[in-house]
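The chain contents come next:
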Amino acid sequence: MSDLLRVAIVGFGEIARRQHVSAIAKTSGVALVAVADPAKSPSGLPHFRDLQELLRDGPEIDAVALCTPPQARHAQAAAALAAGKHVLLEKPPGSTLSELTPLIAAAGEAGRTLFATWHSRYAPAVGPARQLLAGRTINRVTIIWKEDVRVWHPGQAWIFEAGGFGVFDPGINALSILTEILPRPVFVRSAMLDVPSNREAPIAAAIDLSDEDGLPIHAEFDFRQTGPPNWDILCETEAGPVTLSKGGRQLRDGSRLVVDATDEEYPALYRRFVALTSDGKSEVDLAPLRLVADSFMLGRRRSVEAFGD
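Residues numbered from 1 in each chain as written. Predicted model: local features only at pLDDT ≥ 70, side-chain atom pairs only at ≥ 80, totals over all residues. Heavy atoms only, no water.

Quick notes on the sheet that holds strand β14 (residues 256–260)
Moving on, step 1. Pairing is mixed in the open sheet, where 9 strands are placed in the order β14-β13-β12-β11-β7-β10-β9-β8-β15. Two strands in the sheet have a free side with no partner beyond their single neighbour: β14 and β15 (300–304). Neighbour to neighbour, the strand axes of the sheet diverge by 15° on average, direction disregarded.
Moving on, step 2. Alignment of strand β8 (residues 186–196) against β15, held across 5 bridges, turns out to be parallel. (Pairing = 2+ DSSP bridges. Helix = DSSP H or I, 4+ residues; strand = E, 2+ residues; numbered from the N terminus. Axes fitted to C-alpha atoms, helices over the stretch in contact; angles between N-to-C directions.)

Structural data, given as structure tokens:
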């Protein structure tokens, strides 16, 4: 393989164009060399209709970044690993927990990296929040994660299909931060899922979680927000509130502003991918996906008004 990690993006939708392309351009040791998507790519790179055509007719690549809807990821990742390629999985890494197990094994057998990414964990305030909370007694956690689906997922009908996660597509970002900053594992106690009468996945959800010590955690996810999004996690501690906001870009300890930084999640994510492939390691943390699966398992479903694009 080349010393430069040659990556092809599979699935050239909003997140790939807005985040992956620029992040790769900013990251040393990696280069974007091709795109696979049914629609013609405006990237100016070699373009292929799908992964199979890319692997058959495309340029030499070392890795693929799968940015397709989660329902398609397992088959694509399996094909890429079988072809000897490293695989980066956009979040969520798949539609089910069980489909990840054979991929982990396949990556090990092929000697290739499988990287299940949680980009929100790379937000600049998340690490400092974890360090701050490590020395505190946490009494309660409240998560408010609300955004306008028409702004952040315009025309993406798959997100409301079975396996598309609905509001848990952004909500899992909050859960990925939660499982990163708290000192102990958490689990779901109950959930209420609001499902539009004409859709299959929830448009809003309320979840109660806890850890083994009974820490109360409440999360509110909603796709019906209008105006600016709310991406906030409030941790009430014995020394006062610790607040992560702006999706993990801003941290306050009481009234003191600790971190207020720009979004550099994806460059950090690709630096990690380069390091993993260089070291011959995989990284597949399924804790956030497990919490989503448990929310669907325990959740009561409430039918709400139909949602139209």
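Additional details are given in the paragraphs that follow.
Quick look at the sheet that holds strand β2 (residues 30–36)
Moving on, step 1. In spatial order, the strands read β3-β2-β1-β4-β5-β6; together these 6 strands make up an open sheet with parallel pairing. The open sheet has two edge strands with one neighbour each: β3 (47–48) and β6 (114–116).
Moving on, step 2. As judged from the 3 bridges shared by strand β5 (residues 86–89) and β6, these two strands associate in the parallel manner. Among the inter-strand pairings, L89 is bridged to a residue of β6, identified as A116.
Moving on, step 3. Helix α3 (residues 73–82) rests against β1 (5–10), β4 (63–66) and β5 of the sheet, and its axis sits at about 160° to β5. (Contact = heavy atoms within 4.5 Å.)

Points about the layout of surface pockets
Moving on, step 1. Within this model, the largest pocket holds a volume of roughly 880 Å³.
Moving on, step 2. Surrounding the largest pocket, 39 residues form its lining, I15, R18, W152, H153 and D169 being those nearest its centre.
Moving on, step 3. Only α1 (14–26), α3, α7 (168–181) and α8 (265–279) provide two or more residues apiece to the lining of the largest pocket.
Moving on, step 4. Among the residues forming the lining of the largest pocket, the class breakdown is 14 nonpolar, 11 polar and 14 charged. (1 Å grid on protein atoms, 1.4 Å probe; cavity = no way out; pocket = protein on both sides within 12 Å on 5 of 7 lines; lining within 4 Å. Points joined across faces, edges and corners; volume = space filled by probe spheres on them. Nonpolar A, V, L, I, M, F, W, Y, C, P; charged D, E, K, R; others polar.)

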